[in-house]
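Structural characterization, general
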Amino acid sequence: MKSLFRCPLCGTPLEREETRWLCPNRHSFDRAAAGYVHLLPANKKHSKDPGDDKAMVAARSAFLDKGYYAPLRDSLCKAISQHTERRSAPVILDSGCGEGYYTAGLFQTLTEAKREPRIVGVDLSKAALRRAAKRVPEAEFAVASVYHLPLPDRSADVLVNIFSPLAAEEFARVLRPGGLFCYAVPSDRHLWEMKQVLYREPYENPIKQEDYSGFVWRDVKEIRYTVNLEGASDIMALFHMTPYAWKTPKEGVARLDRLDRLTCQVGFDLHLYQRT
């Protein structure tokens with residue numbers, strides 16, 4: 001069966017066999033028992049086990065499965081469903097797909113709309129991809145870098161980037177002309193109440209609409225709501241999903257860790273760009 005991925009070593013098409021992916025030049029990539037394939041060359045691997053670890057992935061997966069970020073998922077699915085309304089078998093790339101929460105939502109939405117989507121997801125974390133492949137066994141998942149996507153030029157109809165590294169030049173390469181690039185960023189007061197606990201002088205997130213070469217900005221979907229976090233585990237799981245986990249003083253983390261409930265603003269801006 002032909003894969004949507006290409007060989008990361010020579011760029012030729014890959015064929016999916018039962019236990020491996022194989023290119024015409026005999027480069028072979030084993031299929032993991034969990035269902036994903038490893039397409040990150042050794043010289044692009046900057047640590048022994050890159051990406052989020054098993055504990056981080058499990059906490060994030062449990063948090064997302066409770067529906068706290070469902071409005072973002074639903075807005076994303078609606079935007080992509082509208083964009084692919086007249087397309088048959090659209091190719092969707094989830095760049096930095098994590099455990100596949102948004103990937104699964106897209107697959108379900110487009111399948112129910114009779115679009116017959118072909119979906120691929122890439123991430124550095126093997127722990128995340130184990131869960132993603134389980135959520136959406138019909139999709140293809142690979143360990144790969146978003147800066148060196150193992151896809152042919154102009155092969156994707158839609159590219160999704162939800163809180164993952166931005167590689168605009170590479171995204172422009174793999175998207176077809178007219179393709180949709182969906183990019184989610186936090187709004188100015190996203191998780192404001194959490195930041196009030198973490199920092200003595202909390203700050204708003206900077207908001208700026210960026211222009212990217214090869215793309216035209218089309219629209220932004222503003223998603224604003226409030227969540228009631230019940231239990232320290234959900235509070236800390238959300239905290240570890242944010243950049244604050246890497247730069248918050250210990251005393252701020254300790255204050256948050258003592259809470260057993262938190263009502264918090266949630267805000268996302270889902271930017272929609274079109275490939276020129």
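In what follows, the structure referred to is the one given above.
It should be emphasised that the depicted structure is a prediction, and the values quoted were computed from it without experimental measurement. (Residues numbered from 1 in each chain as written. Predicted model: local features only at pLDDT ≥ 70, side-chain atom pairs only at ≥ 80, totals over all residues. Heavy atoms only, no water.)

Moving on: the packing of aromatic side chains. Given two aromatic rings, their pairing is described by the distance between the two centres and the angle made by the two planes. Applying the stated criterion across every chain, the model contains 15 aromatic pairs. The interplanar angle of 65° and the centroid separation of 5.3 Å between the aromatic rings of Tyr212 and Tyr273 together place this pair among those described as edge-to-face. Here the residue Tyr212 occupies a position in the loop between helix 6 (192-198) and strand 11 (215-230), and Tyr273 occupies one in strand 12 (residues 261-275), the gap between them amounting to 61 residues. An aromatic cluster of at least three residues, connected via ring pairs, comprises Phe171, Phe181, Tyr183, Tyr212, Phe215 and Tyr273. Here the guanidinium or amino end of Arg189 rests over the ring plane of Trp192, the centre of that ring lying 4.2 Å away. Over the aromatic face of Tyr203 sits the side chain of Lys195, whose NZ or CZ is 4.1 Å from the ring centroid. (Phe/Tyr/Trp six-rings, centres within 6.5 Å; stacked < 30°, edge-to-face > 60°. Helix = DSSP H or I, 4+ residues; strand = E, 2+ residues; numbered from the N terminus. Lys NZ or Arg CZ within 6 Å of the ring centre and 35° of its normal.)

This paragraph deals with the side chain of Lys195. Along the chain, Lys195 falls in helix 6. In this structure, Lys195 is buried with no salt-bridge partner, the nearest side chain bearing the opposite charge being Glu204 at 8.4 Å. Other than its neighbours up to four places away in sequence, Lys195 contacts His190, Pro202, Tyr203, Glu204, Asn205 and Tyr244. (Buried < 20%, exposed > 50% of the residue type's maximum accessible area, 1.4 Å probe, protein only. Lys, Arg positive; Asp, Glu negative; His and termini not counted. Salt bridge = Lys/Arg side-chain N within 4 Å of Asp/Glu carboxyl O. Contact = heavy atoms within 4.5 Å.)

Before going further, it helps to examine a positive patch on the surface. A contiguous patch of positive charge on the surface is contributed by Lys54, Arg130, Arg131 and Lys134. Tallying contributions element by element places helix 4 (residues 126-135) first for the positive patch, with three residues. Positionally, Arg130 belongs in helix 4. Note on Arg130: relative accessible area 41%, which makes it partly exposed. (Patch = residues over 30% accessible without salt bridge, like charges linked within 9 Å, V, L, I, M, F, W, Y side chains within 5 Å. Areas by Shrake-Rupley, 256 points an atom, 1.4 Å probe, with all protein chains shown as cover. Charge placed at Lys NZ, Arg CZ, Asp CG, Glu CD.)

Looking at the element boundaries, Glu140 is found in strand 8 (residues 140-143). A relative accessible area of 5% means that Glu140 is categorised as buried. Beyond its immediate chain neighbours, meaning those up to four positions away, Glu140 contacts Ser3, Leu4, Phe5, Arg16, Trp21, Ile119, Val120 and Gly121.

So, about the sheet that holds strand 7 (residues 118-123). Taking strand neighbours across the sheet as the criterion, the eight strands line up as 5-8-7-6-9-10-12-11 in an open arrangement whose pairing is mixed. Two strands lie at the open edges of the sheet, namely strand 5 (37-38) and strand 11, each paired on one side alone. As defined by bridge partners, strand 6 (residues 91-95) adjoins strand 9 (residues 156-162) across three bridges and the pair is classed as parallel. Looking at the pairing, Leu93 lines up with Leu159 of strand 9. Contacts between helix 3 (residues 101-112) and the sheet are confined to strand 6, strand 7, strand 8 and strand 9, with strand 6 contributing the most and set at about 165° to the helix. (Pairing = 2+ DSSP bridges. Axes fitted to C-alpha atoms, helices over the stretch in contact; angles between N-to-C directions.)

Moving on, we get to the nonpolar core. In a soluble, globular protein the nonpolar side chains are often hidden away together inside. Formed by 57 residues in total, the largest nonpolar core has its most connected members in Tyr69, Leu76, Ile80, Phe141, Met194 and Leu256. Setting aside residues up to four positions removed in sequence, Leu76 forms contacts with Tyr102, Leu106, Val160, Ile162, Cys182 and Leu270. Formed by 32 residues, the second largest nonpolar core is a distinct cluster that contains Leu14, Ala172, Leu175 and Phe215. (Core = buried A, V, L, I, M, F, W, Y, C linked by side-chain atoms within 4.5 Å.)

What follows concerns the state of the cysteines. If you walk through the whole model with that rule in mind, you get zero disulfides. Just so you know, Cys23 is unpaired, no disulfide at all, and the nearest cysteine sulfur is the one on Cys10, 3.7 Å from it. Unpaired in terms of disulfides, Cys77 finds its nearest cysteine sulfur in Cys182, a separation of 9.9 Å. (Disulfide = S-S within 2.5 Å.)

Moving on to the environment of His148. When you line up the elements, His148 lands in the loop between strand 8 and strand 9. His148 gets classed as partly exposed once you look at its relative accessible area, which sits at 45%. Distance from His148 to Glu17, taken between C-alpha atoms, is 23 Å for residues 131 residues apart in sequence.

Shape is all these values report; function is a separate question.
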